[in-house]
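# Residue-level structural notes
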Amino acid sequence: MTLLASGPLIDWEWIGEHLDVIRAATVEHLQLTAIAVGIGFALSMALALLALQWRWSYPLLAGFCSVLYSIPSLALFGILVPITGLGTVPAVIALVGYTLLILLRNIVAGIEGVPAPVREAADGMGFEHWRRLARVDLPLALPAIIAGLRIATVTTIGLVTITAYVGLGGYGDLIREGLRRQSAPQASTLVILGTGLSVVMAVVFDLLFVGVEHLATPWARRPRLAPIEPMEPVPVAAIPAGGSLSDG
Amino acid sequence: MKRQHIVAGLTVLILFAATACGDDDDTDASSSGNEQREGPTVLIGAQEFGESAILAEVYSQALEAQGFQTDIVEVGGFRDVLFDSFDNGDVNLAPEYVASELNFLQEGSATSDVDESLGLLQPALEERDLTALEPSAAVDTNTFVMLTDQSDELSIASLSDLAENGADLTLGAPPDCEENAFCLPGLQQVYGLDLSANFTPLELDLIPDSLEGGAIDVGVFLSTSGRLTEDQFTVLEDDQGLLAADNVFPLASQELVDAYGGDLDTALNAVSAELDTEGLIAMNARYDIDGDDPDQIAADWLADHDLT
Amino acid sequence: MGDAWSDMWTYLGSDAAWTGRNGLPLLLWAQLKLAFAAMAIATVLAIPVAAFLGHVRRGTLLAVSIVNIGRAVPTYGVVALVLPFSLRWGFGLGFWPTLVALVLLAIPPIFTNTYTGVRGVPADAVEAASGMGMRARELLRKVEVPAALPLILTGLRVSAVQVMATATLGAVVGYRCLGTPIVIGMQRQNKGPLLAASILVAALALGTDGLFALVQRLLVPWRRQPAS
């Protein structure tokens, strides 16, 4: 694919000889995704509980996450790197930052979406606040939460490629190598591999989450197609009661 | 429908996991057979271009064959970042270039005589607790390259010609060009040519193809680049002697050298004695054109020269 | 960080930051140019097709898939994939590969929202209008699209912010925009320009979001549609 046409589009021989490189990239990609979504989920859960306890804080918290989400990844790295240097730290911080808005929003919307009668019934049965949260609200909020995790994961998988610019990259590292070494016969292979594997991983996780959604909450109705919303804080009062929130 | 989703997803996930589990890649620091020396690990800094990575591997493998423990550190940038790494101890050895190094530390001092330049370089390095070991005969400077067709058309065969006829051409060079004495500032000083308005920063390896595709008019190649052998490229003559003695030499921290009392010097000097421009060009050609990996290229070169 | 912060102010105080081809104003303009072009092309491609499909009520699967696949494709990879072709076909570096990637990035939200919006127009309204003698194209223009406007605007807004933000990536293939000081800065010791450009890009993305929010409020003040 170089101007020299010095190699096939996909150099299988190169792939065969460099399986370890591909494997290392896969592992790095998975690790970064898992860490980012994991920390993001924990943080969002904490923030969500805060927001549910003190309603006035929600617009603030969501607003902050919204701002974070709007900052382009390269720019966010640019702001972090002078503080943290290159490497895992700025990468994870940025990746976590991008998961916060969608997760926070979906967790809150999901819990808020629990129909009032159900909550009242639970309270009436003597559930304390936290027990009710754990035993009633969260399970019913599950569709929304899983939907949020799904989007957060797929988005993160795409963003991990850009961490190549802070020394990591997962599959993005393959892309970067391919970009850099234009004359080498494996250039196009590297780019195609890096891009393709990233897409495959995203699709796999997307399917997995769809499967989990169906398994976990067979009773919830799921609209097939929903419009894409801007990442802005949804006013808590505006969530329709009993609705399941799923994004496009 | 749902079950198929899950099965498909799980299958692929298991495949991913299977490749992920298994041995971790070995680090570089395993020494084979030879007695391990007592002393600090040699941390070799590699800059963001192929030749640096190759030379770092050469040093690394040669030293390990002599019982040293080494590790290669990608500094993620060029000379200025490399110096930062030396400062904070992340790196204690690196392949560098005499004239460029001198110009980086003391603007404008380098000449085309390597001994003279080295004589000026050592004191400058000493101030920073660094030292230069024996330089090799291999020289790698910046070269300015145009497409043969275009250079014929515009009658530009040398840098002086470029100053005369080509002041509005676009230049493609690595990001450090604006501060590199052998790039924009040098062109300005020696030839009175200011290309900064039309300068596009590009990764070194992107430059030949960008030149070929006409996206830039003049490209900076390394003089040892494997692609210079192509007819379509013409190197512009440095008729006023901008480019100087950029011999490859091992830059080391004084601490590291002292720790090994001369053994490190001996090992590296043996490498430098064998390294020449032709060899470097051949290694770069394997990297640029064949797409071989730096560690393999280094290993083969070392084997050919009985250094492992 | 203190170093980088003071480096940044030094940089901003220097001529280099504001004049010449590497000055911030020109880099900003380059970024805007690229973003506008991508949005324009994506809009022209996506809206008519999506509106038509929404009108005939076909293509839900397409709309869903476009979004899912679009979200899964890393823009970085697309830019890298297009570059060699761009070079070979004489389109050069920088602008064109990035433009292609950005258009692909921009299409899904615009497409899906237009489709959903047009399709979601109440059937009786459509019947009433066609009963009054309106033909398909008129219907679209006078009834369906205006009714779908809130959602279409939302889609445009989401796209615009993403595009404005991601245009930064052009720098990795040689397009001189705000991403250039960032990408170069990663490899240099002086992080002043990097910091300045990063903050500027962040402000740009936020500003784009705010601008569209304003436009939405002006054009469709009577309702904001939640996810249906």
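Reading the values: rules and limits
- Residues numbered from 1 in each chain as written.
- Chains lettered and ligands numbered in written order.
- Predicted model: local features only at pLDDT ≥ 70, side-chain atom pairs only at ≥ 80, totals over all residues.
- Helix = DSSP H or I, 4+ residues; strand = E, 2+ residues; numbered from the N terminus.
- Buried ≥ 20, exposed ≤ 12 C-beta atoms within 10 Å, placed from the backbone.
- Contact = placed C-beta atoms within 7 Å.
- Nonpolar A, V, L, I, M, F, W, Y, C, P; charged D, E, K, R; others polar.
- Arc of directions from axis to C-beta.
- Pairing = 2+ DSSP bridges.
- Axes fitted to C-alpha atoms, helices over the stretch in contact; angles between N-to-C directions.
- Parallel < 35°, antiparallel > 145°, perpendicular 65-115°, else oblique.
- Left-handed = near helix turned anticlockwise from the far one by under 90°.
- Domains from an automatic or database assignment.

### Things to note about the overall build of chain A
In terms of regular secondary structure, chain A is built from nine helices and zero strands. The N-to-C order of helical and strand elements in chain A reads α-α-α-α-α-α-α-α-α. Considering chain A as a whole, with its 248 residues, one finds that 56% of them fall into the buried category. Nonlocal contacts in chain A, meaning residues at least 24 apart in sequence, comprise 74% of its contacts between residues at least 6 apart.

### Quick word on the interface of chain B and chain C
If you look at the interface, chain B gives 18 residues, while chain C gives 14 residues. Those elements giving two or more residues to the side of chain B that touches chain C turn out to be α3 (79-87), β7 (199-201) and α9 (207-212) of chain B. Among the elements that take part in the side of chain B that touches chain C, α3 of chain B stands out by supplying three residues, more than any other. Grouping the amino acids of the side of chain B that touches chain C by side-chain chemistry returns seven nonpolar, seven polar and four charged.

### A short note on the interface of chain A and chain C
The interface is formed by 44 residues belonging to chain A together with 55 residues belonging to chain C. In terms of residue count, helix α9 (residues 187-216) of chain A provides more of the side of chain A that touches chain C than any other element does, ten residues in total. Residue composition of the side of chain A that touches chain C, grouped by class: 28 nonpolar, 13 polar and three charged.

### Considering helix α8 (residues 184-191) of chain B
Residues and elements named next belong to chain B. Buried within α8 are the following residues: L184, G186, L187 and Y191. Looking straight down α8, one finds its buried side chains confined to an arc of 160°; they lie on one side. Residue G192 follows α8 closely and has a positive phi angle near 65°.

### Concerning the sheet that holds strand β9 (residues 233-235) of chain B
Residues and elements named next belong to chain B. What the five strands build is an open sheet, ordered β7-β6-β8-β5-β9; its pairing is mixed. At either end of the open sheet lies a strand with only one pairing partner, and these are β7 and β9. The average undirected angle you get between the axes of adjacent strands in this sheet is 35°. Of the pairings in the sheet, the one linking strand β6 (residues 171-173) to β7 comprises three bridges and is parallel in character. Paired with L171 across the strands is F199, a residue of β7.

### Some remarks on the packing of helix α2 (residues 19-53) of chain A against helix α3 (residues 57-70) of chain A
Residue and element names in this part refer to chain A. Relative orientation of the contacting elements α2 and α3 amounts to 150°, with a least axis distance of 8 Å. Looking at the two axes, α2 sits roughly antiparallel to α3. Taking contact as the criterion, the partners of L47, L50 and A51 in α2 are, on α3, S57, Y58 and L61. Its residues assigned to classes, the contact of α2 with α3 shows five nonpolar, one polar and no charged.

### Comments concerning the packing of helix α2 (residues 24-56) of chain C against helix α5 (residues 95-119) of chain C
Residue and element names in this part refer to chain C. Packing of α2 against α5 brings their axes to within 7 Å, and their N-to-C directions diverge by 30°. Note that α2 runs across α5; the crossing there is right-handed. Classifying every residue of the contact of α2 with α5 gives 22 nonpolar, six polar and one charged.

### Observations concerning the domain arrangement of chain B
All names here are of chain B. When the domains of chain B are assigned, the result is domain 1 (42-139 + 245-304) and domain 2 (142-235). Relative to domain 2, the C-alpha centre of domain 1 lies at a distance of 26 Å. At the interface, 16 residues of domain 1 touch ten residues of domain 2. Of all elements in the fold, only α2 (50-65), α4 (98-105) and α12 (277-290) reach the threshold of two or more residues within the side of domain 1 that touches domain 2. Considering each element in turn, the side of domain 1 that touches domain 2 owes the most residues, eight residues, to α12. Residues belonging to the side of domain 1 that touches domain 2 are distributed by class as follows: seven nonpolar, five polar and four charged.

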